Amino acid sequence: MRAIVIFDGDCGLCNGFVAWLLRRDRDGRFLVAGSAGAPGRAALEAAGLGAGIAASSIVVWDGVEGLVRTDALARIARGLPWPWRAARAMRIVPRPLRDGVYEQVARRRPRRPAEDPACGTPPAGLVALWRSRLATEADVVALAPAP
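None of these values were measured; they are calculated from a predicted model.

A. Just the pattern of salt bridges, in detail. If you walk through the whole model with that rule in mind, you get seven salt bridges. Here Arg75 and Asp62 are joined by a salt bridge, their closest N and O atoms 3.9 Å apart. Here the residue Arg75 occupies a position in helix H3 (residues 69–78), and Asp62 occupies one in the loop between strand E3 (59–61) and strand E4 (66–68), the gap between them amounting to 13 residues. Each member of the pair, Arg75 as well as Asp62, is classed as buried. Between Arg98 and Asp71 there is a salt bridge; the shortest N-O distance is 2.8 Å. Here Arg98 is found in helix H4 (residues 95–107), whereas its partner Asp71 is found in helix H3, with 27 residues between them in sequence. Classification of Asp71 by relative accessible area gives buried; the value is 8%. When salt bridges with common partners are traced through the structure, they connect Asp71, Arg91, Arg95 and Arg98 into a single cluster.

Reading guide: rules and limits
- Residues numbered from 1 in each chain as written.
- Predicted model: local features only at pLDDT ≥ 70, side-chain atom pairs only at ≥ 80, totals over all residues.
- Heavy atoms only, no water.
- Salt bridge = Lys/Arg side-chain N within 4 Å of Asp/Glu carboxyl O.
- Helix = DSSP H or I, 4+ residues; strand = E, 2+ residues; numbered from the N terminus.
- Buried < 20%, exposed > 50% of the residue type's maximum accessible area, 1.4 Å probe, protein only.

Have a look at this one:
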């Protein structure tokens, strides 16, 4: 099942994580969307999350639930091949502890203006793959459960 990863396009750490993810997601399980763009905002709304959440947390929405912080990272790990899939074991650590570490890292993350915060800034060698994995509003609608 596909999922959309919503991230802060102005965050250097977030952009780096998305680049890392795209290199490892060989099966194309994840689409990406900057939180400042229409697809990112639509996915956050569909997930029942406020638009501001993606300014301080990575979000994963799979059409069923919206996951944030370390729950989102564990969901991403579950969709990747080995050895990255093993990182989902982080869920055995109590959420307050693992999210506390996440928050400490998030407070220190590098901020940099993206060319387009709606989709972030791909590294030069990853532009085509990054663009091919950008979520659209149609992708958000396709993931949403039927009424």
